[in-house]
Each structure stands twice: as structure tokens, then as C-alpha cells.
Amino acid sequence: MGMSSLKLLKYVLFFFNLIFWLCGCCILGFGIYLLIHNNFGVLFHNLPSLTLGNVLVIVGSIIMVVAFLGCMGSIKENKCLLMSFFVLLLIILLAEVTLAILLFVYEQKLNDYVAKGLTDSIQQYYSDNSTKAAWDSIQSFLQCCGVNGTSDWMGSPPASCPSDPQVKGCYVKAKLWFHSNFLYIGIITICVCVIQVLGMSFALTLNCQIDKTSQVLGL
């Protein structure tokens, strides 16, 4: 691989990470917007930090940090930054695989935990504005009512519930949505993993090429 190939690889990795850094900025900005306006609120009171805004802020921050290391490491041809980028991507990839395995193994326990958490949060609907905002957002978006149906609500259902008396519960509707879009979710997940592996490969190749170039130049 000559100097021209090294430059090509360097700029490919730079622009590759620049795009992801910009995506990370957008995700972080949207997460901060949700936190400020509190559009979705808290759904699980035993996990009060598990909100859409917090998740987006964390994901956006991680993407920005990793992409920044990739950008600077490639454009500066800095081996330390490139290896930090490689290690972080490897840790994230391993964490994703581990999470997927745990979700598969403990699927039933997770289903029971989610159903119980949703049932408990309904009791807080009229006493907690954050919970009210979360339920109203979900019921409006999924066109569902309660956990398993309108019977989950004491008295009349809230205005965010559809008027149809046979409307499905949000837990059932969410599972149906997930199963109907399982193929697309799987394709997106595989694409993300492939992009991560490519990023790791580019970083490792560039790192090795920097070593070879330094040896040729006698540095």
C-alpha cells in the first residue's frame, strides 16, 4: 500500500467518522430538547432515569466521542487515538452482542418486568405529571389504551385513549409492532454491526500502515 492509498484510507475514515459525529450531535440535541420540554416523561418509576431523553443523550454522547477519536486519529495519523477508537468500537460491539444474548435468554422475565412496571405506572397517572405525559404520548402514538386494554383504567380512560372500546392495550400493541417490524430491526442492527466492524478494520489497517510508512521513512 503506497502513500496515495494511505491518504485515501485516511480521508475515507475521516469522512466516515465526521458523518457519524454529526449524527451524534443531532441525537444529543434531540435528547436535550426532550429533557427540557419533558415531552415523554417517566414511564417506569423503579427506573426513573430510563427516559427517552436520557437514552438519546447517552447514545449521542457516545457516538460523538467515538467519532471524534476516529476523525482526529485518522486526519492526524495518531496511533494512540486510532487504537482508542478501535478499542471503544470493540467494547461497544461486545456490549451489543452481550445485550442481545441476555435479551434472548431472559425474554420472558423481561416481558413480565415490563408488564409489571407499566401496570404500576398507571397508578401514578393522575398524581404525577411526568407519568401522565409518558402515557399520553405512548397512547397517542400507538393508538392504544392502558397496558392490556381500557379496563386497566379506573373509571373512564384518559382523553389520549382512542374512542374505540375494542382498542388493544399498549403492551400488546408494542409487542405486535416489534414483531411486525422484526425484519427491519434486524437489518438495521446488522448494518450497525457491519459499520462498526468496517470502522475497526479501517482503523487497524491505517494504524499498521502508519507503522510501515514510518519504517520506510526511517522515523
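Refer to the structure above for everything that follows.
Quick look at the structure, then. It should be emphasised that the depicted structure is a prediction, and the values quoted were computed from it without experimental measurement. (Residues numbered from 1 in each chain as written. Predicted model: local features only at pLDDT ≥ 70, side-chain atom pairs only at ≥ 80, totals over all residues. Heavy atoms only, no water.)

Turning our attention to the layout of surface pockets. Its boundaries defined by the atoms lining it, the second largest pocket holds a volume of some 440 Å³. If you go around the second largest pocket, you meet 15 residues; those closest to its centre are I63, I92, E96, V192 and Q196. For the lining of the second largest pocket, the elements supplying multiple residues, two or more each, are α1 (3-37), α2 (52-75), α3 (79-105) and α7 (182-217). Ranked by residues supplied to the lining of the second largest pocket, first place goes to α2 with five residues. Residue composition of the lining of the second largest pocket, grouped by class: twelve nonpolar, two polar and one charged. (1 Å grid on protein atoms, 1.4 Å probe; cavity = no way out; pocket = protein on both sides within 12 Å on 5 of 7 lines; lining within 4 Å. Points joined across faces, edges and corners; volume = space filled by probe spheres on them. Helix = DSSP H or I, 4+ residues; strand = E, 2+ residues; numbered from the N terminus. Nonpolar A, V, L, I, M, F, W, Y, C, P; charged D, E, K, R; others polar.)

Bringing α3 into the picture now. Under the 1.5 Å per step criterion, the end-to-end length of α3 is 39 Å for 27 residues, consistent within 8% with the ideal 39 Å. Looking at α3, one finds that the buried residues are L82, F85, F86, L89 and L93. Capping the start of α3 is the job of one residue whose side-chain oxygen sits 3.0 Å from the backbone nitrogen of C80: N78. (Expected span 1.5 Å × (residues − 1). Buried < 20%, exposed > 50% of the residue type's maximum accessible area, 1.4 Å probe, protein only. Polar contact = N/O pair within 3.5 Å; in protein donor to acceptor, adjacent residues only side chain to side chain.)

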